[in-house]
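Chain by chain, the residues run as shown.
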Amino acid sequence: MSGRARLAVCAMVATLSAACALLPLVEPIGWVFQATILLALVITAGALARRVPLARPLTVAAQALIGLLLLTVLFTRGQAVAGVLPGPDAFREFGQLLQEGTSDVGRYAIPAPVTTGIRLLLVGGVVLIGLIVDALAVTYRSAAPAGLPLLALYSVAAGLSKNGAGWLWFLVAAAGYLLLLLAEGRDRLSRWGRVFGGGPTTAGRPYATAPVPPGGATPAPVRTGRRIGALALGIALIVPAALPSLSGGLLDMSARGGAGGAGGTISAVNPLVSLQDSLNQPEDREVLNYRTTTPDTRDLYLRIVALDQFDGAAWKPSQRTVVDVPDRLPDPPGLAPDVDTTAVNTSVSAARWYAQNWLPLPYPASRVDIPGRWRFEPEGRTLVGDRGQNTRGVRYQVESLIVRPTARQLADAPRPRPALRREYTRVPDSLPPVVERTAQRVTRGARSDYAKAVRLQDWFALRGGFTYNTEVRAGSGTQAITRFLEQKQGFCVHFAFSMAAMARTLGIPARVAVGFTPGGRRADGSYSVGLRDAHAWPELYFEGVGWTRFEPTPSRGSVPDYTVTADAPAEEDPGRAEPLPGRTAAPRPAEPSTDGGTCPPDQRRVAECGAVPGASGGGPADDGPAPGTLAAGALAVLLVLLLPAVPLLWRIRSRARRLARDRAAPPGAGPPDSGAAPPASGPGHRRSPAHSGHGAGGPPRSSLSRAGHAESGAGVADPRAGVPGSRTGGADARRVVLGPWRELVDSGWDYGIVPDDALTPRKAAERIVRVGELTGPAAEAAHRVAGAVEQALYAPHPEAAPGLAEDVRRVRAGLHAAASRGQRLRALLAPPSAVRLLWSASARASAVLGRLRTAVPGRSAAR
């Protein structure tokens, strides 16, 4: 294995070693095998590009292109052009997946499930880091700076882990980096020759390394390198342990306080981070499955958390004290004995992929039987996981109450306690005044807090002209509610946030609950709750009833019976209304309706209008791509299909041009291969035709090289061609002979016989005959072509030799017959001699740049 190949393998191993620190963060770990395959392909592409060789920036660009195509095939094949080329739709899908992956990282506890977005972050991140490491260590021959991207990859894992990445993963990552440094040092020393070990010399070889006997001492440079590596690794392990730790940073949302005692706190987190994403998922994956003893589940909302802190820009839970879960939960606050309640038992099972720190519970729960480390927050009556505990695959039993107050009980509710009223009616000064003005306008004439709450609910759901649309951005900031009131489009978050804020401006204690609607009934009697059942709703406090649910979101959830009145729209005081007798449950719509007004408000309120056929969430209809997009896509597909055929087509064209001159060679004919480099240029010699004599530090060209250079540079007819005694005498014969000779050399190259610049034409032909195993007419034809070349180069008056094209064809036929099947396919589809096309393009670009650099001084001198 060559030094660069060994270095490339070590760069890949170092990247994967650092990526191992990510393994504890997610499960399952199948993503690492995908990352390994993609990284291996990208590293291989870099090795092939360096072997061509390509310029260093082009090598990195080629690797990046290969990586992008591989990620496109793996993640956005359905949106890509021909399933491979990333177009605008594919890039939009990449952006969506990255956004979802970032959201999932903040939503799930460790170990998180490998969603598509998280998988893209993991696989794409490893491939990107591997590409950077390969570029630094192998392409640019600087392995030491490659430790920075490796450190970044390890730091991501250490930062996301609860207690940092373990020492084992650090040792694995450090070992990979030291292996990379060792490979680079070995490669660097190998370019200086054999290592001098400083020991006794071998007789006659004073500078060779003497063989080290078994059990003998290791050479000094090796011992020094090992000591430095061990010292650096020890410092990296010991110094961080001795430094003071930093805690309580801006991103610290972990639990504070005692882990198992009666105290402790929970910090504010944002459980709404994925609610809109859940509603917009193409697949309605099941989150929960439950069985319950109540036949009517309209009010059996599964509540996760209550958001009671409002800063004008967002709602979030307050930092509250948590305690151990008691055997029996305290009675709900504010609930009087005369309110009708029904005890319900519910058995819940969470999906294996669903990892939530808050436990979905019916409200208000009286008793929870669940295994694991859970804590109870009394104010919000929620259960939160402790020390990494989450809902993944848990099964639990819940006893809860279904509270059924009457409208009269709510309307006659006394004022709440002053402390509770102050806390839950607080609004910031930054809240736009339009929010309070709108609330007062909507509730004008209502005589009780209950009447005002019903007016607000019905204004959002029925009479305000609002529509449900999950495509609207949730937004943030003090102007978010103002924009929603103006645009009148949004989803449950907008409706719940706005109604709760407006209720607080009216002096009604309010907060926002987040959780799930009751879901749908299965044939076996159980209920299934999916991602699209994620919901947010306002809870308003009434003394004697407690926290009471309202439903302002159109076509979502179910309307509480105590808010539905027979004549509420026209009644002067809806606070005295009674619930409608015998009201049946509203059917749950299959999909959120985006009907903009074709359904009457009263029917839309109770979900009697079916979903609009073909509605997809309020997005505009797509009539297909534009003709320009189709044309561009077709052109891109055509270019991709033709790209592998470029070497084949170029060789066919160059062969035809070279051999055609054997049949007709008029004076001043063009070069046999206008796009080729000098014939003496082998794979290791890239010289520009603009340079003559000595190359950059290289030996002088041979006579064959100079003749080939003149041949490739002749592009204009010379009037002196063929004139006896002129400097260009015999140019016609040279052109006729050198074209077939070039084709003969390149044909041998295509079949694995690399050109040797040091050989004369006769020796080069003998080598082609020997290595190519040519016999009979093919061998004689090769010698005839070589003899014609020597006669054209060295004879005083060269003459054209006829039949060289046929001789070259005989040699090609002999090489083809003696080659293996693999060699034949490579000579046809990927001929190595096609690299001359890249050399020619590079030489022309250099010539153009040289002319541009000298153009201005040349004009100045002319003046």
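First things first, this report covers the structure right here in the doc. (Residues numbered from 1 in each chain as written. Predicted model: local features only at pLDDT ≥ 70, side-chain atom pairs only at ≥ 80, totals over all residues. Heavy atoms only, no water.)

1. As for the sheet that holds strand 14 (residues 382–385)
For step 1, the next point in the chain: The strand order across the open sheet formed by 3 strands is 9-13-14, and the pairing between neighbours is antiparallel. Among the strands making up the open sheet, the edge pair consists of strand 9 (323–324) and strand 14.
For step 2, the next point in the chain: Direction of pairing for strand 13 (residues 374–377) relative to strand 14: antiparallel, over a ladder of 4 bridges. Counted as the bridge partner of Glu377 is Thr382 from strand 14. (Pairing = 2+ DSSP bridges. Helix = DSSP H or I, 4+ residues; strand = E, 2+ residues; numbered from the N terminus.)

2. Some details on unusual backbone geometry
For step 1, the next point in the chain: Along the chain, Tyr363 connects to Pro364 via a cis peptide bond; the corresponding omega equals -5 degrees.
For step 2, the next point in the chain: Secondary-structure assignment places Pro364 in the loop between strand 11 (361–362) and strand 12 (365–369).
For step 3, the next point in the chain: If you check the backbone angles, Glu773 has positive phi at about 55 degrees while not being a glycine.
For step 4, the next point in the chain: Take Glu773: it is sitting in the loop between helix 21 (761–771) and helix 22 (777–794).

3. Let's talk about the environment of Ala61
For step 1, the next point in the chain: If you trace the backbone, Ala61 turns up in helix 3 (residues 56–75).
For step 2, the next point in the chain: The partly exposed category is assigned to Ala61, whose relative accessible area is 43%. (Buried < 20%, exposed > 50% of the residue type's maximum accessible area, 1.4 Å probe, protein only.)

4. Side note on the packing of aromatic side chains
By convention here, two paired aromatic rings are described through the distance between centres and the angle between planes.
For step 1, the next point in the chain: Following the criterion strictly, the structure yields 20 aromatic pairs and no others.
For step 2, the next point in the chain: Here Trp749 and Trp839 contribute two aromatic rings whose centre-to-centre distance is 6.2 Å and whose plane-to-plane angle is 40 degrees, an arrangement assigned as tilted. Here Trp839 lies in helix 25 (residues 835–862) and Trp749 lies in helix 20 (residues 731–750), a separation of 90 residues in the sequence. Each member of the pair, Trp749 as well as Trp839, carries the same accessibility label: buried.
For step 3, the next point in the chain: Three or more aromatic residues link up through ring pairs in this structure, and these residues are Trp459, Phe460, Phe466, Phe484 and Phe495.
For step 4, the next point in the chain: In this structure, Arg285 packs its charged tip against the face of Trp353, placed 4.1 Å from the ring centre. (Phe/Tyr/Trp six-rings, centres within 6.5 Å; stacked < 30°, edge-to-face > 60°. Lys NZ or Arg CZ within 6 Å of the ring centre and 35° of its normal.)

5. Topic: helix 13 (residues 449–463)
For step 1, the next point in the chain: Between its first and last C-alpha, helix 13 extends 19 Å over 15 residues, near the 21 Å set by a 1.5 Å rise per residue.
For step 2, the next point in the chain: For helix 13, the tally of buried residues reaches 12 of 15 residues, placing the bulk of the element in the interior.
For step 3, the next point in the chain: Those residues of helix 13 that sit buried are Tyr450, Ala451, Ala453, Val454, Arg455, Leu456, Gln457, Asp458, Trp459, Phe460, Ala461 and Leu462.
For step 4, the next point in the chain: Residue Gly465 follows helix 13 closely and has a positive phi angle near 80 degrees. (Expected span 1.5 Å × (residues − 1).)

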